[in-house]
Each structure stands twice: as structure tokens, then as C-alpha cells.
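What the coordinates show
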Amino acid sequence: MINRRKTRKIFVGKVPVGGDAPVSIQSMTNTYTKDVISTIKQIKRLEKRGCEIIRVAVPDEESAMAISQIKKKINIPLVADIHFDYKLALLSISSGADCIRINPGNIKNRKKLKEIIKKSKEYNTSIRIGVNSGSLDFKIRKKYENDISEGIVFSAMEYIKFFEDNDFFNMKVSLKSTDIMTTISAYEKFSKKSDYPLHVGITEAGTEFSGTIKSSIGIGYLLIRGIGDTIRVSLTANPEKEIDTAKEILKSLKIRELGPTLISCPTCARREIDVIAIAKNVEREIKNIKSPLKVAVMGCEVNGPGEAKDADIGLAGSIRGGIIFKEGRVLKRFEKTDEMIKEFIKEIKLLDEKYRR
Ligand code: SF4
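Residues numbered from 1 in each chain as written. Predicted model: local features only at pLDDT ≥ 70, side-chain atom pairs only at ≥ 80, totals over all residues. Heavy atoms only, no water.

Quick notes on the nonpolar core
By size, the foremost hydrophobic cluster in this structure holds 71 residues, and its most contacted members are Ile82, Ile100, Ile102, Ile116, Phe163, Val173 and Leu175. Sorting elements by how many residues they give to this core places helix H6 (residues 148-165) first, with 8 residues. Residues in contact with Phe163, not counting those within four places in the same chain, are Ile102, Leu113, Ile117, Ile127, Ile129, Phe168 and Met171. Formed by 28 residues, the second largest nonpolar core is a distinct cluster that contains Ala279, Ile289, Ala296 and Ile341. (Core = buried A, V, L, I, M, F, W, Y, C linked by side-chain atoms within 4.5 Å. Buried < 20%, exposed > 50% of the residue type's maximum accessible area, 1.4 Å probe, protein only. Helix = DSSP H or I, 4+ residues; strand = E, 2+ residues; numbered from the N terminus. Contact = heavy atoms within 4.5 Å.)

Written as C-alpha cells, this is what we have:
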């Protein structure tokens with residue numbers, strides 16, 4: 001059981017972040033924000049997949065203005081990602097963004113920041129202070145060159161103090177780096193100093209393969225340490241993959257119940273069926289199931305049912321075809337694999353219905 005660090009609760013639109021709120025899942029669109037139709041379509045797909053907060057980049061006025069149209073068609077809160085131009089922050093807020101993300105490294109002018117604070121208060125818009133090691137102020141980078149995580153935390157704390165001095169507390173914080181150890185160290189240090197809710201992620205983690213591994217290690221480690229109120233897996237891939245990975249991280253750590261868990265064996269010379277193909281097929285079929293069932297795909301009857309005793313339902317290959325088992329006991333035998341898979345999916349859906357009743 002993971003003990004989550006106590007943070008204060010803020011809201012991004014209707015979604016609570018921090019405090020006793022569940023760890024929420026975020027992603028970011030990769031469409032051009034000003035292409036309203038494509039952006040809405042992508043957000044809708046991400047929503048369906050399980051995204052709970054969406055971020056869009058706002059590189060120009062047209063994109064900031066597009067937010068009001070996008071907001072009308074989506075059901076999850078929207079975060080506007082602002083770099084450098086404080087006017088785009090102001091415009092995004094008045095266009096209806098639920099939160100804006102700003103980076104201390106690229107909006108430094110105190111007068112401009114005061115204007116952002118004023119507008120955010122007026123619209124009740126939260127702010128994510130997103131510190132990134134790559135855009136740290138040169139002087140901070142120099143001062144903390146031996147431990148850049150210290151510099152990241154210093155930059156965040158300095159920025160937060162300015163917001164607090166201006167009576168603004170509706171904030172969450174991220175402290176990212178592409179280096180896992182630097183990221184972990186920054187979040188751990190910050191957690192000892194502040195109780196603002198934390199957006200956790202490994203920035204620019206890489207392609208689907210390497211990024212999934214880096215994100216799982218970094219985000220997973222922090223979550224185990226009780227750190228993290230909302231997560232974003234950052235992948236050079238279709239953002240839907242970010243949602244799948246985030247859900248798998250939260251499910252694996254038993255932080256949230258987000259649909260079934262697939263148990264499958266690595267296969268060996270004892271296998272009687274094509275485990276790799278069947279496991280992929282089953283994974284695809286159970287994608288939209290909501291209950292936290294444990295589903296097993298095992299290569300052989302000799303070891304499968306025993307090794308996957310924990311599963312609510314499983315299938316395994318046998319000399320004459322295959323079996324479906326429940327809690328370690330054989331439920332049905334099949335001569336044809338296709339029939340077994342069909343029946344297996346049917347049984348899973350029945351279990352899902354039962355669970356949700
Ligand atoms: Fe091998 Fe059977 Fe274990 Fe799969 S379940 S790894 S096929 S022994």
C-alpha cells in the first residue's frame with residue numbers, strides 16, 4: 001500500500017488535483033491547436049481512452065482564440081501551454097483555458113507575471129509552474145552546476161514565492177528533466193519544502209519503446225515514494241499511447257482501478273498455443289472494459305492455471321487444444337483455439353457485466 005504525500009488540493013476545471021483526489025492522467029495534443037476540428041477529434045479520442053486533463057500548445061494568437069471553440073466540444077479540462085509570450089497566457093485565460101502552464105525560464109518579467117496573476121484570479125484559472133532543466137535561467141544553471149536538481153527546485157520556489165506574495169495559491173508544480181535521476185531528485189527535494197500538488201513526468205522521454213521504460217521507472221519510482229498527484233507520460237508517439245502507459249503504471253502500482261490487467265507468460269518449449277498472438281488479440285479486445293479483472297493468457301495447461309491462480313479468468317494451451325480456467329480450475333476444454341478465444345472474450349465480458357452490477 002502506497003502512502004501518498006499530503007498535498008493541498010487545487011482544481012483544473014472540474015478535476016481535483018492533490019489532496020485526496022485520485023492521481024489523474026494527462027496528455028498533450030500533437031495537432032495544430034488552431035486546427036480546431038483535428039484538435040477536437042484528437043481530444044475526444046484521448047478522452048475515450050482515459051485522458052482526464054488535456055494540454056494544448058499555444059504558439060500564437062489563433063491557437064489561443066481556438067481554445068473557446070475547442071472547449072465547447074470537449075468534456076475534460078484544458079491546459080494552455082505558454083512559452084515566452086505572456087499575452088498568449090492572458091488570451092488563453094479569457095478564451096476559457098482551465099489552467100495555464102508557464103515556465104519560469106521563459107516568462108520572467110514581474111510586471112507581466114502580475115498581469116497573468118490578475119487575469120487568473122479573475123477567471124479562477126489555475127496555473128502550472130512548469131520548471132524544465134533545459135530552460136533554467138543561466139545564472140541558476142551556473143550556480144547549481146554540480147546538482148542541477150537543486151537549481152530546478154530553487155527556480156520553482158523562487159517563482160512560487162512571487163505568486164504567493166501576490167496572493168495567488170491556485171498552483172501545481174512540475175520539475176522536469178530528461179534525466180531520470182535528476183527528475184527524481186528534484187521532486188524529492190521539492191516535496192520536503194512545499195505541499196503544492198505535483199504534476200509528474202519525465203520530459204522528452206523518447207520513442208514509444210524507450211520513453212515507456214524511462215517514464216515507467218521515473219514516474220513509477222516517484223509514485224511508490226508517494227509523490228505525484230497527476231501524471232503525464234511523454235512519448236514521441238500517438239498520444240493515445242501515453243494514456244495507455246499512464247493507466248498501466250497506475251494499475252500496476254494499485255493506485256487506481258482502471259480496467260483489466262493482463263497476465264501472460266513469456267512462453268517456452270512447453271507452449272501449446274501461439275501465446276504472443278493470442279495475448280495481443282486479448283489485450284485489444286479488453287481495452288474498453290472498465291472493471292479491474294485479472295485476465296491470463298498462458299502457454300500450457302501444465303503450469304498456466306497454477307502460475308496464474310490469481311487471475312479471475314484465464315486460458316491456456318493443452319495437447320488437444322486449450323482450456324479456460326477460473327481461479328486455477330478448469331472451466332471448459334476446447335479442441336479449436338479460435339473457439340476458445342471467442343468463448344474467452346465472451347466470459348470476460350460477462351464477468352465485467354457482473355462486476356459492474
Ligand atoms: Fe512455459 Fe507453460 Fe510457463 Fe508459459 S505457462 S512459460 S508455456 S511453462
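Here we look at the site of the ligand
Residues in close proximity to the ligand include Cys265, Pro266, Thr267, Cys268, Arg270, Arg271, Gly299, Cys300, Asn303, Gly304 and Glu307, which together make up its full environment. When its residues are assigned to classes, the shell around the ligand shows 4 nonpolar, 4 polar and 3 charged. (Near = heavy atom within 4 Å. Nonpolar A, V, L, I, M, F, W, Y, C, P; charged D, E, K, R; others polar.)

Digging into a nonpolar patch on the surface
The grouping of Phe209, Ile213 and Ile217 at the surface amounts to a nonpolar patch, some 340 Å² of accessible area in total. Note that Ile213 resides in helix H8 (residues 208-224). (Patch = residues over 30% accessible without salt bridge, like charges linked within 9 Å, V, L, I, M, F, W, Y side chains within 5 Å. Areas by Shrake-Rupley, 256 points an atom, 1.4 Å probe, with all protein chains shown as cover. Salt bridge = Lys/Arg side-chain N within 4 Å of Asp/Glu carboxyl O.)

Focus: helix H1 (residues 36-49)
Relative to the 20 Å expected for 14 residues at 1.5 Å per residue, H1 spans 20 Å between its end C-alpha atoms, a close match to the ideal helical length. Buried within H1 we find Val36, Thr39, Ile40, Gln42, Ile43, Leu46 and Glu47. Viewed along the axis of H1, the buried residues span an arc of 165°, placing them on a single side of the element. Structural note: H1 exposes Ile37, Lys41 and Lys48 on the side pointing more than 90 degrees away from its buried face. (Expected span 1.5 Å × (residues − 1). Arc of directions from axis to C-beta.)

As for the packing of H8 against helix H9 (residues 239-252)
Viewed as axis vectors pointing N to C, H8 and H9 meet at an angle of 35°, and their least axial separation amounts to 10 Å. Of the two possible hands of crossing, H8 and H9 adopt the one that is right-handed. Mapping the contact onto sequence places Glu208, Thr212, Ser215, Ser216, Ile219, Gly220 and Leu223 in H8 and Lys241, Thr245, Ile249 and Leu250 in H9. Each residue belonging to the contact of H8 with H9 can be placed in one class, and the counts come to 4 nonpolar, 5 polar and 2 charged. (Axes fitted to C-alpha atoms, helices over the stretch in contact; angles between N-to-C directions. Left-handed = near helix turned anticlockwise from the far one by under 90°.)

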